[in-house]
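Structural overview for review
One letter stands for each residue in the lines below.
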Amino acid sequence: IDFTHVHFAYGRKEAVLEDFSLQIAPGESVALVGHTGAGKSSIAKLIARFYEFQSGAITIDGVDIRQLDLARYRTALGMVTQTPFLFDGTVLDNIRYGHPTATPEEVLAVARHVGGGDWITSLPNGLESEVGERGANLSLGQRQIVALARVLLQDPSIFILDEATASIDTQTELLIQDALRKLTSGRTSILIAHRLQTIQEASRILVLEDGLVREIGTHAQLLDAQGLYATLHRLQFQETATVADTAEHTV
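Sequence order as written defines the numbering, with residues in each chain counted from 1. Whole-chain, interface and lining totals are the exception, using all residues; otherwise, since this is a predicted model, local features are given only for residues with pLDDT of at least 70 and side-chain atom pairs are given and counted only at 80 or more. Water and hydrogen atoms were dropped before computing side-chain values, which therefore reflect all heavy atoms in the structure.

1. Thoughts on the sheet that holds strand 10 (residues 212–217)
The condition that has to hold: When DSSP locates at least two bridges between a pair of strands, those strands are taken to pair. Secondary structure counts use DSSP, requiring at least four H or I residues in a row for a helix and at least two E residues in a row for a strand, with both numbered from the N terminus. Orientation is described by lines fitted to C-alpha atoms, with helices fitted over the stretch in contact, and by angles between N-to-C directions that extend from 0 to 180 degrees. Throughout, a residue-residue contact means that at least one pair of heavy atoms, one from each residue, lies within 4.5 Å.
Here 6 strands make up an open sheet; going across it, the order is 6-7-8-3-9-10 and the pairing mixed. The sheet is open, and its two borders are formed by strand 6 (77–81) and strand 10, each paired with just one other strand. Each strand of the sheet is rotated relative to its neighbour by a mean of 15°, with strand direction disregarded. Bridge count between strand 9 (residues 204–209) and strand 10: 5 bridges; the pairing is antiparallel. Within the sheet, the bridge partner assigned to V207 lies in strand 10 and is E215. Running over the sheet, helix 1 (residues 40–47) touches strand 3 (29–33), strand 6, strand 7 (158–162), strand 8 (188–192) and strand 9 and is turned about 145° from strand 8.

2. Regarding the sheet that holds strand 5 (residues 63–64)
With antiparallel pairing, the 4 strands of this open sheet are ordered in space as 2-1-4-5. In the strand order of this sheet, the two ends are held by strand 2 (17–23) and strand 5, each with one partner. Where strand 1 (residues 2–8) lies against strand 4 (residues 55–60), 4 bridges are found, and the strand directions are antiparallel. The residue bridging H7 from the neighbouring strand is S55, located in strand 4. Each of strand 1, strand 2 and strand 4 touches helix 1; the most contacted strand, strand 1, lies at about 115° to it.

3. Re the packing of aromatic side chains
Where we set the bar: Any two of the Phe, Tyr and Trp rings considered here, Trp counted by its six-membered ring, make a pair once their centres fall within 6.5 Å; the pair's planes then place it as stacked at under 30 degrees, edge-to-face at over 60, or tilted in between. Between buried and exposed lies partly exposed: a residue is buried under 20% and exposed over 50% of the maximum accessible area for its type, with that area taken using a 1.4 Å probe on protein chains only.
Summed over the entire model, instances satisfying the criterion amount to 5 aromatic pairs. When the centroid spacing of 5.6 Å and the interplanar angle of 85° are considered together, the rings of F3 and F20 count as edge-to-face. With F3 in strand 1 and F20 in strand 2, this pair connects stretches of sequence that are 17 residues apart. Among the residues examined, F3 registers a relative accessible area of 0% and is labelled buried. F20 gets classed as buried once you look at its relative accessible area, which sits at 3%.

4. Details of helix 4 (residues 104–111)
Every α-helix winds through 3.6 residues per turn, so residues three or four apart in the chain are directed the same way. Heads up, the condition is: Of all possible arcs, the one meant is that of the directions from the helix axis to the C-beta atoms.
V107, V110 and A111 are the residues of helix 4 that are buried. Buried residues of helix 4 fall within an arc of 100° about the axis and therefore sit on the same side. Each element contacted by the buried residues of helix 4 is listed here: helix 3 (91–95), helix 5 (118–121) and helix 6 (140–154).

5. Concerning the confidence of the model for the protein
The cut-off we apply is this: As a per-residue quantity, pLDDT reports the predictor's confidence and falls between 0 and 100.
Of all residues in the protein, 92% attain a pLDDT of 70 or more, and the chain-wide mean is 86. Counted against residues more than four places away or in other chains, residues 243–249, with its pLDDT under 50, gives 0 contacts.

6. A look at the packing of helix 4 against helix 6
Put simply, the rule is: Angular relationships are summarised with four words: roughly parallel below 35 degrees, roughly antiparallel beyond 145, roughly perpendicular across 65 to 115, and oblique for the angles in between. By convention the crossing between two helices is left-handed if the near helix lies anticlockwise of the far one by an angle smaller than a right angle, and right-handed if it lies clockwise. In this classification, the charged set is Asp, Glu, Lys and Arg, the nonpolar set is Ala, Val, Leu, Ile, Met, Phe, Trp, Tyr, Cys and Pro, and all remaining amino acids, among them Gly, are polar.
At a closest axis distance of 9 Å, the pairing of helix 4 and helix 6 adopts a crossing angle of 120°. Taken together, helix 4 and helix 6 sit at an angle that is classed as oblique. The way helix 4 lies across helix 6 gives a crossing that is right-handed. The segment helix 4 lies against helix 6, with E106, V107 and V110 engaging A149, L152 and L153. Taken together, the residues that form the contact of helix 4 with helix 6 break down as 5 nonpolar, no polar and 1 charged.

7. What about the pattern of salt bridges?
Going by this rule: The salt bridge criterion pairs a side-chain nitrogen of Lys or Arg with a carboxyl oxygen of Asp or Glu, the two atoms within 4 Å.
Considering all chains together, one arrives at 7 salt bridges under this definition. The residue R66 makes a salt bridge to D64 at a minimum N-O spacing of 3.0 Å. The exposure class assigned to D64 is buried, which follows from its relative accessible area of 16%. R181 is the partner of E201 in a salt bridge, and the nearest nitrogen-oxygen pair spans 3.2 Å. Remark: R181 occurs in helix 7 (residues 170–184) and E201 occurs in the loop between strand 8 and strand 9; sequence separation between them is 20 residues. R181 gets classed as partly exposed once you look at its relative accessible area, which sits at 41%.

So this is what it looks like as structure tokens:
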């Protein structure tokens, strides 16, 4: 995936990305971090072609993304967002959405890949449990797990995680991290996560600020650099410690 001198703005608003360039190698896992408004989600939405950029070029395997058949392209794209869409039906039906011809046995095999399948036993009727309108019968964490299982079954060439771990409990995050290891293995992946723990294993971490790449490196390299990423990591660690301390005193 190549971004070459891309300029993007929402309508007539100030540019989110200006003269932005980025190369993501096949099978590489790239994490995007930064404060709100840094341009992380905009990059993901441009790859998915939810928006069109004003100038520059975005290519997939050397082909301009605007020349690709949109429906066919999106079958090769798996995306999990902060609020994944689930339709009224069973958990099995929702997982099978990206691969309608999959058998119940294939769906179950994929579902068991997430956290060893322990999450399935927490559902009243297993994979036959009704999710309700927009997943109302499931917790947010369970919805995210169903969405990840859906992408696993779909087996896309490109995987995008967009802030999907921002509002879940620690136990569910561990299940999601297990699924992410399977999803990112050998697959081109773009990971956007508020919780830095989620993206520590990425091949490269890009720290964005005002639509520009300020730092690039692995988790360890960026911590050693003592720059913006290290500051974000330190602040998040302090925030987590404060929440834990408050919970302990409340109990």
